Every structure is written in structure tokens, then in C-alpha cells.
Amino acid sequence: HEDLDFLRFAKTKGLKLAVDVFINPATDRMMIREESSFPLPANLYSQAAVQKQLELWGETAALADLLLCPSEWVAEGVKELTPQHANKIRLVPYGCSINYGGRSNQPQLGKILFAGQDVVRKGLEHLALAATLLRKQESKAVVQVAGSLPANITNHPLCKDLEFIGRLNSDEMKAAFLCADAFVLPSLSEGFAGVVAEATMAGCPVIVTREAGSPIVHEREGLIVPSRDPEALASAIKRLVSDRTFRNACSRHCLEQTTFYSEASWSQRLIQALLT
């Protein structure tokens with residue numbers, strides 16, 4: 001619902017409107033429910049803001065001629081909130097502009113990377129519980145968390161088995177993707193998680209939920225696990241760390257997807273959506 005004033009103006013001029021729905025529009029509503037039982041101090045969402053967001057989304061969906069959705073997960077949110085506008089949906093997965101300069105992933109055994117700051121939406125609670133399970137199982141996995149997070153999160157007892165490495169700049173994130181054994185994002189809602197695409201472009205296997213909105217195929221570029229399931233998450237991490245043949249095959253499959261994420265491929269998908 002961003003730039004809604006402009007959309008209203010453009011509609012009065014008879015223009016066709018294509019709106020990029022970059023995240024599932026039901027996300028904030030879901031997160032209000034999630035935060036009510038969240039064990040970490042977050043308070044990122046307010047009921048009043050969520051209600052206003054839903055009103056603005058409804059007007060945006062009505063004004064739009066096309067609703068460009070980067071993933072099936074986003075399309076599901078559109079259908080849930082505004083089923084009367086489902087016919088406007090066009091699936092257009094994003095691309096990725098990251099450039100590794102010809103380098104590819106050279107993994108450090110057991111180094112598992114996560115990146116994100118919205119601890120509720122990104123599923124940090126479930127990652128923390130998975131890390132504790134892995135520690136109890138004496139796994140070689142070490143789960144590193146990149147991102148600027150407050151001390152009341154990083155020092156919370158629930159997070160005792162996570163290694164917080166702070167905010168990384170773009171070059172440092174590239175280096176992290178290039179040496180990680182796997183990248184994990186147990187997100188509860190995204191649009192199209194850019195960090196997953198960046199990991200894939202590096203040849204770093206990924207562990208994601210379907211709610212991450214990534215065009216990952218289970219057991220091709222990595223593993224898809226149920227959301228809110230620390231046991232499944234720990235099992236997936238353990239599998240990639242222990243089964244090197246499988247892990248390395250996932251890495252190769254990641255690199256085979258670079259054409260899909262290219263600007264040229266993304267342009268093709270976008271133009272096709274606008275013309276149909």
C-alpha cells in the first residue's frame with residue numbers, strides 16, 4: 001500500500017496500475033498473533049497499525065489492474081485477504097544482483113548462517129531452540145546470527161546456543177555466504193527472501209520454510225522444513241553437516257540456478273506478466 005496517493009492520482013488519469021506485492025499482505029496480522037506467545041522481548045507490531053495496514057491494502061488491491069507477487073506464499077495472502085481480486089495476480093519471482101566475482105562457496109564444516117533483524121517474523125525463537133537441540137546432540141554445527149539485535153535478545157537465555165556476530169556490511173555478507181556450510185531462514189512470512197537468493201548465488205545450500213517465498217526445490221538447493229518446528233530444523237541442519245555428498249550436491253544445484261536469478265531472466269518474467 002505504499003504510494004497510495006500516487007495510485008489514486010494515476011487511476012484518475014486512466015493509467016493501468018501494476019502493484020508489486022513484495023510481502024504477504026496478511027503478514028502483520030499473523031505476527032500480532034505470533035508475538036502474543038513469543039518468548040523473546042520484541043513488541044514490533046501493534047493492533048492499530050495492523051488494522052490500518054489491512055484497510056490500505058484493500059484499497060490498493062481494488063485500484064490495481066495487476067498484482068505482481070514474487071512467490072506463491074504472497075499470492076496466498078492476496079487470495080486470503082482480497083479473494084475478489086485474485087484474478088489480478090501474476091507470479092513474478094525476483095532476481096538477484098549480487099556479484100561474487102567468479103568466487104563460489106568453500107564451506108567451513110558446521111558453520112550455519114542466519115541473517116535478519118525481525119526476530120518474530122524470521123523465526124529466531126525456533127532457530128534458537130534448534131541450536132540447543134544440536135548442542136545436546138553434540139553436533140558439529142555452530143549457528144551464527146548476523147544482524148543488529150538488541151542486548152535483551154542476544155543475552156536472553158533462550159539464545160544461549162546461538163553465536164551473534166553483529167551487523168555485516170555487504171562485503172562481509174558476501175564473505176559469510178562464501179564460507180558458510182549452509183544458510184538457514186526459518187521465516188514465518190516473507191515475500192521473496194533476498195538473502196536466500198544471495199546464498200544460492202554463492203553456491204551455499206539453504207534450509208528454508210515455504211513461507212520464506214523462495215523458489216527452492218526440496219533436496220535440490222537444500223531443504224524445506226515446516227515453520228515453527230525446531231526439531232525439523234535441527235534435523236535438516238544435522239543432515240547437511242553430516243552428509244557431505246548430499247550437501248555438496250545441493251551446492252552444485254545452487255550454482256546451476258544462477259541464470260534463473262539473473263537480471264535478464266527477471267526482466268523476461270516481468271515483461272511477460274505485464275503483457276498477459
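Whatever comes next refers back to the structure up there.
Residues numbered from 1 in each chain as written. Predicted model: local features only at pLDDT ≥ 70, side-chain atom pairs only at ≥ 80, totals over all residues. Heavy atoms only, no water.

The next point concerns the overall build of the protein chain. In terms of regular secondary structure, the protein chain is built from eleven helices and nine strands. Its C-alpha atoms give the protein chain a radius of gyration of 19 Å, within 12% of the compact-globule value 19 Å for 276 residues. Counting only C-alpha atoms and orienting by the principal axes, one finds that the protein chain spans roughly 60 × 40 × 30 Å. Here the analysis covers contacts within the protein chain between residues at least 6 apart in sequence; of these, 69% occur between residues at least 24 apart. For the protein chain, the computed accessible surface area is about 12,900 Å², with 52% contributed by carbon and sulfur atoms. Across the protein chain, the centroid of the 29 positively charged side chains sits 3 Å from that of the 31 negatively charged ones. (Helix = DSSP H or I, 4+ residues; strand = E, 2+ residues; numbered from the N terminus. Rg over C-alpha atoms; globule rule 2.2 N^0.38 Å. Contact = heavy atoms within 4.5 Å. Areas by Shrake-Rupley, 256 points an atom, 1.4 Å probe, with all protein chains shown as cover. Lys, Arg positive; Asp, Glu negative; His and termini not counted. Charge placed at Lys NZ, Arg CZ, Asp CG, Glu CD.)

This paragraph deals with the pattern of salt bridges. Counted according to the given criterion, the structure contains 16 salt bridges. Note that Asp 5 is salt-bridged to Arg 8, the shortest N-O span being 2.6 Å. You can see Asp 5 and its partner Arg 8 sitting in helix α1 (residues 4-12), three residues apart, about one turn around the helix. Taking the relative accessible area as the measure of exposure, Asp 5 reaches 58% and is therefore exposed. A salt bridge links Asp 118 to Arg 121; its shortest N-O distance comes to 3.4 Å. In this structure Asp 118 comes out as buried when scored by relative accessible area, which is 16%. Each of Asp 118, Arg 121, Lys 122 and Glu 190 takes part in a single network of salt bridges with overlapping partners. (Salt bridge = Lys/Arg side-chain N within 4 Å of Asp/Glu carboxyl O. Buried < 20%, exposed > 50% of the residue type's maximum accessible area, 1.4 Å probe, protein only.)

This next bit is on the sheet that holds strand β3 (residues 89-91). With parallel pairing, three strands are arranged side by side in an open sheet as β1-β2-β3. Of all strands in the sheet, those bounded by a partner on one side alone are β1 (18-20) and β3. Taken over all neighbouring pairs, the strand axes of this sheet differ in orientation by 30° on average, direction set aside. Sheet topology places β1 next to strand β2 (residues 66-69); three bridges connect them, and they run parallel. Directly across from Ala 18, in β2, lies its bridge partner Leu 66. The strands that helix α4 (residues 72-81) touches are β2 and β3; relative to β3, the one it contacts most, it runs at about 170°. (Pairing = 2+ DSSP bridges. Axes fitted to C-alpha atoms, helices over the stretch in contact; angles between N-to-C directions.)

It is worth spelling out the packing of helix α9 (residues 230-242) against helix α10 (residues 244-255) at this point. Running from amino to carboxyl end, α9 crosses α10 at an angle of 95°, the nearest separation of the two axes being 5 Å. The angle between the axes of α9 and α10 places the two elements in the roughly perpendicular class. Contacts between α9 and α10 involve Arg 239, Leu 240, Val 241 and Ser 242 on the former and, on the latter, Arg 244, Phe 246, Arg 247 and Cys 250. When its residues are assigned to classes, the contact of α9 with α10 shows four nonpolar, one polar and three charged. (Parallel < 35°, antiparallel > 145°, perpendicular 65-115°, else oblique. Nonpolar A, V, L, I, M, F, W, Y, C, P; charged D, E, K, R; others polar.)

Along strand β5 (residues 142-146), four of the five residues are buried, which leaves the element largely enclosed by surrounding structure. The β-α-β motif built from strand β4 (residues 111-115), the intervening helix α5 (residues 124-136) and the parallel element β5 has right-handed crossover chirality. With four bridges connecting them, β5 and strand β6 (residues 162-166) associate as parallel partners. Residue Gln 144 lies in a different strand from β6, and its bridge partner there is Glu 163. (Right-handed = clockwise from strand over helix to strand, strands pointing away.)

Here we take up the nonpolar core. If you look at the biggest cluster of nonpolar residues, it comprises 70 residues, and the most contacted ones within it are Leu 124, Leu 127, Leu 162 and Phe 183. Dropping the residues within four chain positions of it, Leu 127 is found in contact with Phe 114, Val 143, Val 145, Leu 162, Val 184, Pro 186 and Leu 233. Ranked by size, the runner-up nonpolar core spans 16 residues in total, among them Leu 4, Ala 61, Ala 75 and Ile 89. (Core = buried A, V, L, I, M, F, W, Y, C linked by side-chain atoms within 4.5 Å.)

For the rest of this paragraph, the subject is the pairing of β2. By the alternation rule, side chains of β2 split into Leu 66 and Leu 68 and Leu 67 and Cys 69, which are all buried. With three bridges joining them, β2 and β3 adopt parallel strand pairing. Directly across from Leu 68, in β3, lies its bridge partner Arg 90. Assessed by its sense of winding, the connection that carries the chain from β2 through α4 to β3 is right-handed.

Relative to the assigned elements, Lys 136 resides in helix α5. Assessed through its relative accessible area of 67%, Lys 136 is described here as exposed. Along the backbone, Lys 136 and Gln 84 are 52 residues apart, and their C-alpha atoms lie at a distance of 50 Å.

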